[in-house]
Amino acid sequence: MAAVAAVGAIVFVSSLRDATVAVKLYDSIEVGQSEESVNERLPVGSDFLTGDFHRIGPPVPEGAHCRWFASDRGSGTDGQDVLRFCFKDGRLVEKQHFRGKV
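Since this is a predicted model, take the numbers as computed values, not measurements.

**Focus: the side chain of E35**
Then comes step 1: Along the chain, E35 turns up in helix 3 (residues 35-41).
Then comes step 2: Of the side chains with opposite charge, R67 comes closest to the buried, unpaired E35, at an N-O distance of 7.4 Å.
Then comes step 3: When near neighbours in sequence (up to four residues on either side) are disregarded, E35 contacts H65, F87, G90 and R91.

Below, the structure written as structure tokens:
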């Protein structure tokens, strides 16, 4: 039973790491950069922990696809810091940093 709990903890920590972006990294990424260069700097991502972020925040730009991450600033009673990167035609067309409740 302890082995199952340990594996579960490892999977959770790995998912959390893959779903979190430092605000410092977010700030260093510029709109207009290629999707490839931005994705090289971002973690793999994990919808396991960020799937609910898709329902909050500003509307997604028309024709764009986005990636959502938790901020390393974490969450509180007033919500979660969310970082969103939206791409269209191979370029970063928008990035958003917002707080929302999921």
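**Quick look at the packing of aromatic side chains**
Then comes step 1: Scanning the entire structure with this criterion turns up two aromatic pairs.
Then comes step 2: Between F69 and F85, the aromatic rings sit 6.1 Å apart at their centres with planes inclined by 70°, giving edge-to-face as the arrangement. With a gap of 16 residues between them, F69 in strand 2 (residues 65-76) and F85 in strand 3 (residues 79-88) connect regions that are remote in the sequence. Here F69 matches F85 in class, with each residue buried.
Then comes step 3: Within the aromatic cluster, the residues linked to one another by ring pairs are Y26, F69 and F85.
Then comes step 4: We note K95 situated over the ring of Y26; from NZ or CZ to the ring centre the distance is 4.4 Å.

**Considerations on the nonpolar core**
Then comes step 1: V21, L25, Y26, I29, V38, L42, F69, L83, F85, F87 and L92 together form the largest nonpolar core, which totals eleven residues.
Then comes step 2: Listed by contribution, the elements that provide at least two residues to this core are helix 2 (23-28) and strand 3.
Then comes step 3: Considering every element that reaches this core, the biggest residue donor is strand 3, with three residues.
Then comes step 4: When neighbours within four sequence positions are excluded, F87 is seen to be in contact with E35, V38, N39, G63, A64, H65, R67, L92 and V93.

**A few points about unusual backbone geometry**
Then comes step 1: Not every positive phi belongs to a glycine, and D89 is a case in point at roughly 55°.
Then comes step 2: Examined against the element boundaries, D89 turns out to sit in the loop between strand 3 and strand 4 (91-100).

**Considerations on the pairing of strand 4**
Within a regular beta strand, the side chains point alternately toward one face of the sheet and then the other, so they alternate between its two faces.
Then comes step 1: Here strand 3 runs beside strand 4; their pairing, made up of nine bridges, is antiparallel. Looking across to strand 4, one finds that K88 is bridged to R91.
Then comes step 2: As consecutive antiparallel partners, strand 3 and strand 4 are separated by two residues, and within that stretch D89 has a phi angle of approximately 55°, a positive value.

**Observations regarding the confidence of the model for the protein**
Then comes step 1: Summing up the model confidence of the protein, the mean pLDDT is 81 and the portion of residues at 70 or higher is 75%.
Then comes step 2: In the model of the protein, helix 1 (residues 2-18) stands out as the element of lowest mean pLDDT, 39, in contrast to helix 3, which has the highest, 98.
Then comes step 3: Here residues 2-16 is modelled with pLDDT under 50, and outside its nearest four sequence neighbours on either side it reaches six contacts, counting other chains as well.

**A look at the state of the cysteines**
Then comes step 1: Counting across every chain of the model gives one disulfide.
Then comes step 2: Two residues share a disulfide in this structure: C66 and C86, whose sulfurs sit 2.1 Å from each other. Every disulfide takes its handedness from the sign of the S-S torsion; for C66 and C86 that torsion is 105°, giving right-handed. Residue C66 is located in strand 2, and its partner C86 is located in strand 3; the two are separated by 20 residues in the primary sequence.
Then comes step 3: Exposure remark for C66: the relative accessible area of 14% places this residue in the buried category.
Then comes step 4: Overall, C86 belongs to the buried group, its relative accessible area being 0%.

So, how was this worked out
Residues numbered from 1 in each chain as written. Predicted model: local features only at pLDDT ≥ 70, side-chain atom pairs only at ≥ 80, totals over all residues. Heavy atoms only, no water. Helix = DSSP H or I, 4+ residues; strand = E, 2+ residues; numbered from the N terminus. Buried < 20%, exposed > 50% of the residue type's maximum accessible area, 1.4 Å probe, protein only. Lys, Arg positive; Asp, Glu negative; His and termini not counted. Salt bridge = Lys/Arg side-chain N within 4 Å of Asp/Glu carboxyl O. Contact = heavy atoms within 4.5 Å. Phe/Tyr/Trp six-rings, centres within 6.5 Å; stacked < 30°, edge-to-face > 60°. Lys NZ or Arg CZ within 6 Å of the ring centre and 35° of its normal. Core = buried A, V, L, I, M, F, W, Y, C linked by side-chain atoms within 4.5 Å. Pairing = 2+ DSSP bridges. pLDDT = per-residue confidence, 0-100. Disulfide = S-S within 2.5 Å.

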